[in-house]
Amino acid sequence: MKKVLFIDRDGTLVLEPYDYQVDDLGKVEFYPLVFQYLSKIVQELDYELVMVSNQDGLGTDSYPEHTFWPAHNAIIKAFKNEGIVFAEEIIDRSFAHENKPTRKPGTALLTHYMNGDFDLANSYVIGDRITDVQLAKNLGAQAIWMAADPSLGADEISNNARMLADVIALSSTDWGEIYRFLKGNQRIGKVQRNTKETEVFVRLELDGQGRYDNQTGIGFFDHMLDQLAKHSGANLEVKVKGDLHIDEHHTIEDTAIALGDAFRQAVGSKLGMERYGSCILPMDDCLATAAIDFSGRPWLVWNATYRREKVGDFPTEMFYHFFKSFSDSALCNLNIKAEGENEHHKIEATFKAVAKAIKMATKRDINSKELPSTKGVL
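**Brief notes about the sheet that holds strand β16 (residues 333-339)**
With mixed pairing, the 4 strands of this open sheet are ordered in space as β11-β12-β16-β13. The two strands at the open ends of the sheet, each matched to only one other strand, are β11 (276-283) and β13 (299-303). Pairwise comparison of adjacent strand axes, ignoring direction, gives a mean angle of 5 degrees for this sheet. Examined bridge by bridge, strand β12 (residues 286-293) and β16 share 7 bridges and lie antiparallel to one another. Paired with Thr289 across the bridge in β16 is Lys337. This element, helix α8 (residues 317-330), spans β13 and β16 of the sheet and lies at about 160 degrees to β13. Sheet strands in contact with helix α9 (residues 343-362) are β11, β12 and β16, and its direction is about 150 degrees off that of β11.

What follows is the structure, encoded as structure tokens:
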């Protein structure tokens, strides 16, 4: 699925003039550092660029078309000359008082993004007005608010910045900081592992929203992988075709190996990362403890036993093997203990505790270049 940057024009790509109309070439002043860092975003990151702009009364006497297009086309050409190409230029011509659904924060001109093959949850609206933040909420995206003047657009919506705080991923007027933020969010692992026994595909987005789509052919296994995604905050997609006509072993083992590979890819350099994480998690009669260290060294300490041969369609003997294979592949230390009476609860609590430990360990300061080790290498 494609990710999108929905970028406002005035106040974001070019500076707002005193009268808020860029209707003359002499009024075109580009935002500081926009070419340098938007070029890097295009070259290094995987986003489609879409310009979304309200141009009040365009085509009316207050804003004739012949004054708009020469300046606009010059702006577009300047960006194109730097390798920055917009997939679309979406321009609404209405006035604010008309309250049309085509005008930001309305989404009437963006329905093809909402209904198409786009990853809006990991897309961003970048703009200088609070209406751009509201647009992000309406799209199901996130906002990067370049709030040089936080009052801009406030009279067009009922929500305020505090009410929209959960949508604002970053508030900055610095394109360099925006680039570093977007680049820092690219902790992704993608693995296709094919053998004569299984075909395993894993896509992991470490900095996600806990979304999941897991299909291994083993129902209880899918449920546990869903828990791993939900409680770690990572987005996880796992698709497996395995030789289940033989038994479950190869499917579970190879999924664990591929999942570990994806985590090893996603944590990357580990700069600024916490590295260590732990969780003590209760679930009814059960208590699970998990601790993890993304140390670059595999090790598993296991203290859990099960009385049942299977939970659902998952052999209980394979839980140890799953976490051992994951630890070996992810190159992490993993310490697990689970106790209780109900086997389903005990196993589910274990997966949730591991997920919460992973969430803690992979938390990071994107501005830090420090490696969490006195060795200087992990």
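**Some thoughts on the sheet that holds strand β10 (residues 235-242)**
Strand order in the open sheet made by the 4 strands is β7-β8-β10-β9, with mixed pairing throughout. The open sheet is flanked by β7 (188-194) and β9 (212-215), the only strands paired with a single partner. Shown here is a sheet whose adjacent strand axes are inclined to one another by a mean of 5 degrees, direction ignored. Against the sheet, helix α6 (residues 219-232) makes contact with β9 and β10, and its axis sits at roughly 155 degrees relative to β9, the strand it touches most. Against the sheet, helix α7 (residues 249-267) makes contact with β7, β8 (198-205) and β10, and its axis sits at roughly 145 degrees relative to β7, the strand it touches most.

Basis of the calculations
- Residues numbered from 1 in each chain as written.
- Predicted model: local features only at pLDDT ≥ 70, side-chain atom pairs only at ≥ 80, totals over all residues.
- Heavy atoms only, no water.
- Pairing = 2+ DSSP bridges.
- Helix = DSSP H or I, 4+ residues; strand = E, 2+ residues; numbered from the N terminus.
- Axes fitted to C-alpha atoms, helices over the stretch in contact; angles between N-to-C directions.
- Contact = heavy atoms within 4.5 Å.

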